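Chain by chain, the residues run as shown.
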Amino acid sequence: MKKHNRLMKRIIGISVCMMMLILSGCSTFDSFNQEFVDKSDNASEVVSIGVFEPLTGSDKTGAESEIRGIELAHSMYPTIDGKKVELIYADNRSDINVAETAITDLIEQRPKLILGSYGDTNSLVASEYIDRAQIPSIAVTNTNPLITSTSDYYFRICFVDTYQGTAFAKYVYYAKKAEKAAVMVDQSSEQYAAIAQKFVSVFTALSDSDEFAAETVTFESGGKDYSEELEKIRKLDVKYVFLPASQEDAEVIVSQAYAKKLDVEFLGVDSWNPDELVSSIGSVAASRVSLVKVSDIELAYSDSTQVQDFLECYASMYGDAQAPDSAVALGFDAYMLAIKAIGEAGSDSSGTEIKDAVLAQKDFQGVSGTFSFDKSGNPQKSVTIYTINPYTGESVPSWIIETDGQVTRVEN
């Protein structure tokens, strides 16, 4: 009987969510729907949005999450100004040689806005053509700064890599009230060096400390013994060490620091997997680590009805009860941002007018967080800082860092 009841509840839940989809949106999005989507009854007219993605090739799997998010949002919100939204797909085949042809073919169909592509290189290839055609475009998971910095029409919904440095600088200064910190950075990686430099510059500006510039320790990736570097950290007498490095290097460094009884908190980048970290070095050593997630759908806004409806509708549409990864939420938000900007500018507006409407977004509330855009088209987003429970090994949200530096402790 209990099994039957659970099954009935599941069926009812799916039916309710599918009804929401048919009605073009879950209940918490009704105000959004009324304000930006359903303004008239022009169902025979069409507004086109391009989806520039690798539908085949080596990047296909990576792109699937982005596309799922886009298609879920489209199912829930299939109209703008009462006009049907048509998704036009262009397959770049995970090949930069094909990407050029794919984007030009897509542009010829004159979509109002373009979403994608998965893979930084594909987006960089498309950037020149997008600028020339003056069609606003939104990258979903691309983190390469060049995508937005070299184009007036390209935006991104995810953060750039260096934003992690900004987030942790605010965390150390505002949440932990510390005016001293250190950086351990892989000297062979330009990517990690850039993230570290952002942390240094933001933290220095916040703390107004002349001492900070000396508190950087470099190391060579792939080492087996970091005793020398860790002793340098000990002598600096700091409590917080930003560690932009690979997961493999981090496991060795954090484990050796714990063995040496070095009393510091390591701050890790978003590429670290907390479960793998715990499995490798143990939950107690791993508890010396805090991690950043800038695109989080499960915990930063876990009490949000909006997020809960998103998760429920995702489960119903794709038959997956597990929470989707952040790329799904980012794809969802990219589509939602697109129809909001088109709706505000007017579905008959020019690409320049829609681009300006995207850039003007302030405190856009998405399922991946709340964000506004800077002048380069990069989102300034709220950030979740995670810690690891030393007893259970579970990673739990501890702080939310807002774009203005406001910090909120998460109650668990």
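Computed from a predicted structure; not experimentally measured. (Residues numbered from 1 in each chain as written. Predicted model: local features only at pLDDT ≥ 70, side-chain atom pairs only at ≥ 80, totals over all residues. Heavy atoms only, no water.)

### Looking at the overall build of the protein chain
The following threshold applies: The helix count covers DSSP runs of H or I at least four residues long, the strand count covers runs of E at least two residues long, and both are numbered beginning at the N terminus. Throughout this description, buried means an accessible area under 20% of the type-specific maximum (1.4 Å probe, protein chains only), exposed means over 50%, and partly exposed covers the range between. Only the protein chains shown count as cover for residues, with accessible areas throughout obtained via the Shrake-Rupley method and a probe of 1.4 Å.
For the protein chain, the count of helices and strands is 15 helices and 17 strands. In the protein chain, which comprises 412 residues, the proportion classed as buried is 54%. With an accessible surface of roughly 18,200 Å², the protein chain has 47% of that area assigned to carbon and sulfur atoms.

### Digging into unusual backbone geometry
Here the amide bond leading from Gly116 into Ser117 is cis, since omega sits at 10 degrees, within 30 degrees of zero. Within the secondary structure layout, Ser117 lies in the loop between β4 (113-116) and α5 (120-133). If you check the backbone angles, Gln134 has positive phi at about 55 degrees while not being a glycine. Mapped onto the fold, Gln134 is located in the loop between α5 and β5 (137-139). Positive phi outside glycine occurs at Lys177, with the angle close to 60 degrees. Residue placement: Lys177 occurs in the loop between α7 (163-175) and β7 (182-186). A relative accessible area of 68% means that Lys177 is categorised as exposed.

### Observations concerning the confidence of the model for the protein chain
Applicable threshold: Per-residue confidence from the predictor is given as pLDDT, running between 0 and 100. Contact between two residues is taken to exist if any of their heavy atoms lie within 4.5 Å; hydrogens are not considered.
The share of residues in the protein chain with pLDDT of 70 or more is 85%, and the mean pLDDT across the chain is 87. Confidence drops under pLDDT 50 across residues 1-16; counting only partners more than four residues distant or on other chains, this segment forms four contacts. pLDDT under 50 marks residues 18-25. Its contacts with residues more than four places away, or in other chains, come to 16 contacts.

### Considerations on helix α9 (residues 227-236)
Worth spelling out the cut-off: In this description, the arc belongs to the directions extending from the helix axis to the C-beta atoms.
Listing the buried residues of α9 in full gives Glu229, Leu230 and Ile233. Down the axis of α9, the sector holding all buried residues measures 95 degrees, keeping them to one side. Among the exposed residues of α9, those oriented more than 90 degrees off its buried face are Glu228 and Lys235. Close packing links the buried residues of α9 with β7, β8 (216-219), β9 (240-243), α10 (247-259) and β10 (265-268).

### A look at the packing of α7 against helix α8 (residues 190-207)
As a reminder, the rule being used: For helices, the axis comes from a line fit to the C-alpha atoms of the stretch in contact; other axes are also lines fit to C-alpha atoms, and the angle between any two N-to-C directions lies between 0 and 180 degrees. Helix crossings get a hand from a simple test, with the near helix turned counterclockwise from the far one by less than a right angle marking a left-handed crossing and a clockwise turn marking a right-handed one.
The interhelical angle for the contact between α7 and α8, taken along N-to-C directions, is 35 degrees, at an axis separation of 7 Å. Between α7 and α8 lies a crossing whose hand is right-handed. In contact with Gln164, Gly165, Thr166, Phe168, Ala169, Lys170, Val172, Tyr173 and Tyr174 of α7, α8 contributes Ile195, Lys198, Phe199, Val202, Phe203, Leu206 and Ser207.

### Re the nonpolar core
Stated precisely, the cut-off is as follows: Side-chain atoms within 4.5 Å are what join buried Ala, Val, Leu, Ile, Met, Phe, Trp, Tyr and Cys residues into a set we call a nonpolar core.
Among the nonpolar cores identified, the biggest contains 57 residues, and Tyr171, Val172, Met184, Phe199, Ile233, Leu243 and Phe266 are the most heavily contacted of them. Residues Met76, Leu87, Val307 and Leu330 belong to the second largest nonpolar core, which totals 42 residues.

### Describing the environment of Val200
Tracing the backbone shows Val200 in helix α8. Take Val200: its relative accessible area is 15%, and that puts it in the buried class. When the C-alpha positions of Val200 and Ala182 are compared, they lie 8.7 Å apart, and in sequence the two are 18 residues distant.

### Overview of the pairing of strand β13 (residues 369-373)
Spelled out, the test is: Two strands make a pair as long as DSSP finds a minimum of two bridges between them.
In terms of burial, β13 is largely enclosed, as five of its five residues are buried. Where burial is concerned, the two faces of β13 agree: the one with Gly369, Phe371 and Phe373 and the one with Thr370 and Ser372 are both buried. Pairing analysis gives three bridges linking strand β12 (residues 364-366) to β13, with the strands arranged antiparallel. Looking at β13, one finds that Gly366 is bridged to Gly369. The antiparallel pairing of β12 with β13 creates a hairpin that spans two residues between the two strands. Bridge count between β13 and strand β14 (residues 379-381): three bridges; the pairing is antiparallel. Bridged to Phe371 within β14 is Lys381. Linking two consecutive strands that pair antiparallel, namely β13 and β14, is a turn of five residues; a positive phi of about 90 degrees is found at Gly377 within it.

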